[in-house]
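# Summary of the model geometry
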Amino acid sequence: MTSRVGLRAAGTNGSDFRQRERVAPKYQMCAALKSEVRKLNLVHLLLWLLVAAQVTVSHFDLVSHDTVSMPYQWEYPYLLSLLPLLCSSLSLPRNNISYLVLSMISGGLFSVAPLIYGGMEMFPVAQQLYRHGKAYRFIFGFSAVTVMYLIMVVAVQVHAWQLYYMKKLLDSWFDTTQEKKKK
């Protein structure tokens with residue numbers, strides 16, 4: 001720190017900048033939460049692509065129904081889960097609270113609700129498979145109900161973590177905006 005008039009302030013040699021260049025913990029937490037939400041959005045997109053591929057392939061008869069079976073009813077509303085993914089992705093760069101809230105609400109409606117319905121829809125088929133060993137739908141030689149339940153287990157975990165991290169991020173953003181209003 002030099003002045004126009006004289007020498008550098010006593011006791012400084014120019015290497016004392018490190019303690020002044022720290023990021024506040026709340027901003028570090030925001031960055032970490034955003035990173036986690038982005039990773040989960042990527043996994044969500046991969047799951048969505050798997051479901052969309054199955055629906056597309058089966059409806060356009062690109063592969064025989066022996067290879068890829070017709071989709072279950074829950075897969076159609078699950079395709080709308082792209083909307084919360086887009087809202088979440090739009091909210092992150094500029095800390096947009098309204099997009100994040102919209103993403104959380106639509107995530108419950110278009111992501112979690114179809115998974116719950118799908119679990120109930122496929123339960124009788126899974127019960128028949130495990131009691132009698134009979135499967136009628138297949139995806140690449142594997143029982144379709146088994147494959148779809150595996151996808152559902154991963155999807156439920158991804159959506160639960162997404163909602164958790166989005167809620168924490170929303171709380172963090174809301175606290176930051178409240179502090180700015182107080183000033």
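Residues numbered from 1 in each chain as written. Predicted model: local features only at pLDDT ≥ 70, side-chain atom pairs only at ≥ 80, totals over all residues. Heavy atoms only, no water.

## Describing helix α3 (residues 82-91)
For α3, the set of buried residues is Pro84, Leu85, Cys87, Ser88 and Ser91. Looking down the long axis of α3, one finds its buried residues gathered within 165 degrees of arc, a one-sided arrangement. (Buried < 20%, exposed > 50% of the residue type's maximum accessible area, 1.4 Å probe, protein only. Helix = DSSP H or I, 4+ residues; strand = E, 2+ residues; numbered from the N terminus. Arc of directions from axis to C-beta.)

## Remarks on helix α4 (residues 97-132)
Taking 1.5 Å of rise per residue, 36 residues should cover 52 Å, and α4 covers 51 Å from first to last C-alpha, within 8% of that figure. Along α4, the largest kink reaches about 40 degrees and is centred on Phe123; proline Pro124 follows within four residues of it. In the segment just after α4, Gly133 is the residue with positive phi, at about 75 degrees. (Expected span 1.5 Å × (residues − 1). Bend = angle between axes of the 7 residues up to and from the residue.)

## Things to note about a nonpolar patch on the surface
On the surface, Leu42, Leu45, Leu46 and Leu49 cluster together to form a nonpolar patch covering roughly 350 Å² of accessible area. Here Leu42 is to be found in helix α1 (residues 25-59). What makes Leu42 exposed here is its relative accessible area of 52%. (Patch = residues over 30% accessible without salt bridge, like charges linked within 9 Å, V, L, I, M, F, W, Y side chains within 5 Å. Areas by Shrake-Rupley, 256 points an atom, 1.4 Å probe, with all protein chains shown as cover. Salt bridge = Lys/Arg side-chain N within 4 Å of Asp/Glu carboxyl O.)

## Section: the side chain of Ser143
Within the element layout of this structure, Ser143 appears in strand β2 (residues 142-143). Among all residues touching Ser143, those that are not within four sequence positions of it are Leu129, Ala135, Arg137 and Phe138. (Contact = heavy atoms within 4.5 Å.)

## What about the packing of aromatic side chains?
Within the structure shown, the criterion is met by four aromatic pairs. Measuring from ring centre to ring centre gives 6.0 Å for Trp74 and Tyr78, while their planes differ by 70 degrees; the resulting arrangement is edge-to-face. For the pair Trp74 and Tyr78, one class covers both residues: buried. Taking 5.8 Å as the distance between ring centres and 85 degrees as the angle between the ring planes, the aromatic pair formed by Trp161 and Tyr164 counts as edge-to-face. Within this pair, Trp161 and its partner Tyr164 are both found in helix α5 (residues 144-182), separated by three residues, close to a single helical turn. Taken together, the ring pairs connect Trp161, Tyr164 and Tyr165 into an aromatic cluster. Positioned above the aromatic ring of Tyr72, the side-chain terminus of Arg137 is 4.2 Å from the ring centre. (Phe/Tyr/Trp six-rings, centres within 6.5 Å; stacked < 30°, edge-to-face > 60°. Lys NZ or Arg CZ within 6 Å of the ring centre and 35° of its normal.)

## Describing the packing of α3 against α4
Put simply, α3 and α4 touch, their axes get as near as 8 Å, and they point 160 degrees apart. When the axes of α3 and α4 are compared, the pair comes out roughly antiparallel. Remark: the crossing between α3 and α4 carries left-handed chirality. Here α3 contributes Leu83, Pro84, Cys87, Ser88, Leu90 and Ser91 to the contact with α4, which in turn contributes Tyr99, Leu100, Leu102, Ser103, Ser106, Gly107, Phe110 and Ser111. Across the contact of α3 with α4, the residue classes tally to eight nonpolar, six polar and no charged. (Axes fitted to C-alpha atoms, helices over the stretch in contact; angles between N-to-C directions. Parallel < 35°, antiparallel > 145°, perpendicular 65-115°, else oblique. Left-handed = near helix turned anticlockwise from the far one by under 90°. Nonpolar A, V, L, I, M, F, W, Y, C, P; charged D, E, K, R; others polar.)

## Things to note about the nonpolar core
Formed by 30 residues in total, the largest nonpolar core has its most connected members in Tyr72, Trp74, Tyr78, Met122, Met148 and Leu169. At the level of secondary structure, the elements contributing two or more residues to this core comprise α1, α4 and α5. The element best represented in this core is α5, accounting for 12 residues. The residues touching Leu169, leaving out its near neighbours within four places in the chain, are Cys30, Leu33, Lys34, Leu92 and Leu100. (Core = buried A, V, L, I, M, F, W, Y, C linked by side-chain atoms within 4.5 Å.)

## Description of the pattern of salt bridges
Per the counting criterion, the structure on display carries two salt bridges. Close ionic contact of Asp171 with Lys167 constitutes a salt bridge, the shortest N to O distance being 2.8 Å. A residue pair is termed a helical-turn pair when its members lie 3 or 4 positions apart in one helix, as Asp171 and Lys167 do in helix α5 at four residues. Accessibility expressed as a relative area gives 34% for Asp171, which makes it partly exposed.

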